[in-house]
Number of protein chains: 2
Amino acid sequence: MIKIKIISLGKLKEKFFIDAAREYEKRLSSFCNFEAVEITPERLSENPTQNEIVNALKKEAAAIEKKIPQGALRIAMCIEGKQFSSEKFSKYINDAAINGRGCIVFLIGSSYGLDEALKQTADLKMSMSEMTFPHKLARVMLTEQIYRAFKILGGGTYHK
Amino acid sequence: MIKIKIISLGKLKEKFFIDAAREYEKRLSSFCNFEAVEITPERLSENPTQNEIVNALKKEAAAIEKKIPQGALRIAMCIEGKQFSSEKFSKYINDAAINGRGCIVFLIGSSYGLDEALKQTADLKMSMSEMTFPHKLARVMLTEQIYRAFKILGGGTYHK
């Protein structure tokens, strides 16, 4: 069973985001060894300077790095990334599994995104939309898309 | 105050989708006269034929049409539509208001989408992603984007 890990910055606080993510995580457990890891974001002042933001992203990147298993396929979620249809995304997941990648890691940054150097280490920069979504909602969206990918691969009526 | 209406097929059943939509609807009430209208989808057999689907979409379109105020700007949500960044989407909303459109209506179809003829009456076909999302999650995503659009227009730190 392939391992899939979402590493994201910040906790889901709202009950509706927690419950929505949990529902798709539960469904995913039939298809993969799924894990969601939450990293505590660095504290920033109310109007942080660019420097402050860059430094915080660096520290967050170091914390993220510790949570990425060796040899994992890294997918960094960022607005400038490549968009996939759900079908192409399921094929990407399937190809990774066929090529023997035992673990796929998705990285979701905070509202200031992800550290540039960390993004450069990614096998893929991926975007779900040209629109900016709150990272908590993005996590629910991504979890649903991973679930949908497995449903597409398995056939059936979930994805029409 | 501009009127914004989302007309969608099917009820939100899961509590987390209801609560998430309600949260953004509540926040939206400071910016616009917002209304969400749910249309009951046509019943289909378990493995519906193309004909059955087309007929159901036609009937649903007639029910949707009754709920669209005269003169409203019509935005049909469909995967082949145009994508916007959140900033450009907020500009589109603002331009519509400036041009005196008193009402903007967003149409979200069922899992089989929207009737073709209805789509042709739309002022804009819009997509949030190349990925296919459940229409319930799409409604939460759209409500958040409308809220974000007003926050962008008003300034502030919600959208960074």
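This one's a predicted model, so the numbers in the text were calculated from it and none came from an experiment.

A. The arrangement of the overall build of chain A in detail. Helix and strand content of chain A: five helices and five strands. N-terminal to C-terminal, the α/β element order of chain A is β-α-β-α-β-α-β-α-β-α. With 160 residues in all, chain A has 50% of them scored as buried. Contacts in chain A between residues far apart in sequence, at least 24 positions, make up 84% of those at least 6 positions apart. Approximately 7800 Å² of chain A is accessible, and the part contributed by carbon and sulfur atoms is 49%. Positive and negative side-chain charges of chain A, numbering 25 and 19 respectively, have mean locations separated by a distance of 5 Å.

B. Layout of the relation of the copies chain B and chain A. Under the fitted operation, chain B is carried onto chain A by 0.0 Å of movement along the axis and a turn of 180°, and the coordinates agree to an RMSD of 0.0 Å. Here the two chains are linked by the operation of a two-fold rotation axis. Comparing contact sets, 100% of the residues at the interface of chain B also lie at the interface in chain A, consistent with an isologous, same-surface contact.

C. Representation of the interface of chain B and chain A in the model. Between chain B and chain A, the residue contacts involve 30 residues of the former and 30 residues of the latter. With both sides pooled, the region where chain B packs onto chain A buries about 2600 Å², and carbon together with sulfur makes up 63% of that total. In terms of surface lost to chain A, no three residues of chain B exceed F16, M131 and K160 of chain B, which account for 25% of the buried area on that side. Applying the counting rule to chain B against chain A returns zero salt bridges. Inspection of the region where chain B meets chain A yields 11 residue pairs in polar contact (both at pLDDT 80 or more).

D. Broad picture of the environment of G71 of chain B. All names here are of chain B. Looking at the element boundaries, G71 is found in the loop between helix 2 (50–67) and strand 3 (73–82). Looking at G71, the relative accessible area reads 60%, which means it is exposed. The spacing of G71 and N51 is 20 residues in sequence and 32 Å in space, taken between C-alpha atoms.

E. A look at the packing of helix 3 (residues 86–98) of chain A against helix 5 (residues 135–154) of chain A. Residue and element names in this part refer to chain A. For the pair helix 3 and helix 5, the least separation of the axes is 8 Å and the interaxial angle reads 80°. On the basis of the axis angle, helix 3 is roughly perpendicular to helix 5. Contacts between helix 3 and helix 5 pair S86, E87, F89, S90, I93 and N94 from the former with Q145, I146, R148, A149, F150, I152 and L153 from the latter. Along the lines of polarity and charge, the residues of the contact of helix 3 with helix 5 split into seven nonpolar, four polar and two charged.

F. Here's a closer look at the packing of aromatic side chains. Per the counting criterion, the structure on display carries 14 aromatic pairs over all chains. With centroids separated by 6.2 Å and ring planes inclined at 45°, the aromatic side chains of Y24 of chain A and Y147 of chain A adopt a geometry described as tilted. Residue Y24 of chain A is located in helix 1 (residues 15–28), and its partner Y147 of chain A is located in helix 5; the two are separated by 123 residues in the primary sequence. The exposure class assigned to Y24 of chain A is buried, which follows from its relative accessible area of 3%. Taking the centre distance of 5.6 Å and the plane angle of 15° together, the rings of F31 of chain A and F150 of chain A count as stacked. With F31 of chain A in the loop between helix 1 and strand 2 (33–39) and F150 of chain A in helix 5, this pair connects stretches of sequence that are 119 residues apart. F31 of chain A gets classed as partly exposed once you look at its relative accessible area, which sits at 28%. Accessibility expressed as a relative area gives 10% for F150 of chain A, which makes it buried. Here the aromatic cluster, defined as three or more aromatic residues joined through ring pairs, consists of Y24, F31, Y147, F150 and Y158 of chain A. One cation-aromatic arrangement involves K82 of chain B over F84 of chain B; the distance from NZ or CZ to the ring centre is 5.0 Å.

G. View of the environment of Y92 of chain B. Residue and element names in this part refer to chain B. The residue Y92 is located in helix 3 (residues 86–98) in this model. By relative accessible area, which is 22% here, Y92 ends up partly exposed. Spatially, the C-alpha atom of Y92 lies 9.1 Å from that of A149, the residues being 57 residues apart in sequence.

H. Structural context of the pattern of salt bridges. Here the structure, examined in full by the defined rule, presents 28 salt bridges over all chains. The partner of K11 of chain B in a salt bridge is E38 of chain B, with the nearest N and O atoms 3.6 Å apart. Placement of the pair is K11 of chain B in the loop between strand 1 (3–9) and helix 1 (15–28) and E38 of chain B in strand 2 (residues 33–39), with a sequence separation of 27 residues. Among the residues examined, K11 of chain B registers a relative accessible area of 57% and is labelled exposed. Assessed through its relative accessible area of 29%, E38 of chain B is described here as partly exposed. Residue D19 of chain B is joined to K15 of chain B by a salt bridge in which the shortest nitrogen-to-oxygen separation is 2.5 Å. Of this pair, D19 of chain B and K15 of chain B both sit in helix 1, four residues apart, which is roughly one turn of the helix. According to the relative accessible area criterion, D19 of chain B is partly exposed, its value standing at 23%. Counted as one network, the salt bridges with shared partners bring together K11, E25, E38 and R139 of chain A.

Cut-offs and rules
Residues numbered from 1 in each chain as written. Chains lettered and ligands numbered in written order. Predicted model: local features only at pLDDT ≥ 70, side-chain atom pairs only at ≥ 80, totals over all residues. Heavy atoms only, no water. Helix = DSSP H or I, 4+ residues; strand = E, 2+ residues; numbered from the N terminus. Buried < 20%, exposed > 50% of the residue type's maximum accessible area, 1.4 Å probe, protein only. Contact = heavy atoms within 4.5 Å. Areas by Shrake-Rupley, 256 points an atom, 1.4 Å probe, with all protein chains shown as cover. Lys, Arg positive; Asp, Glu negative; His and termini not counted. Charge placed at Lys NZ, Arg CZ, Asp CG, Glu CD. Least-squares fit on C-alpha atoms with pLDDT ≥ 70 in both. Buried area = accessible area lost by both parts, 1.4 Å probe. Salt bridge = Lys/Arg side-chain N within 4 Å of Asp/Glu carboxyl O. Polar contact = N/O pair within 3.5 Å; in protein donor to acceptor, adjacent residues only side chain to side chain. Axes fitted to C-alpha atoms, helices over the stretch in contact; angles between N-to-C directions. Parallel < 35°, antiparallel > 145°, perpendicular 65-115°, else oblique. Nonpolar A, V, L, I, M, F, W, Y, C, P; charged D, E, K, R; others polar. Phe/Tyr/Trp six-rings, centres within 6.5 Å; stacked < 30°, edge-to-face > 60°. Lys NZ or Arg CZ within 6 Å of the ring centre and 35° of its normal.

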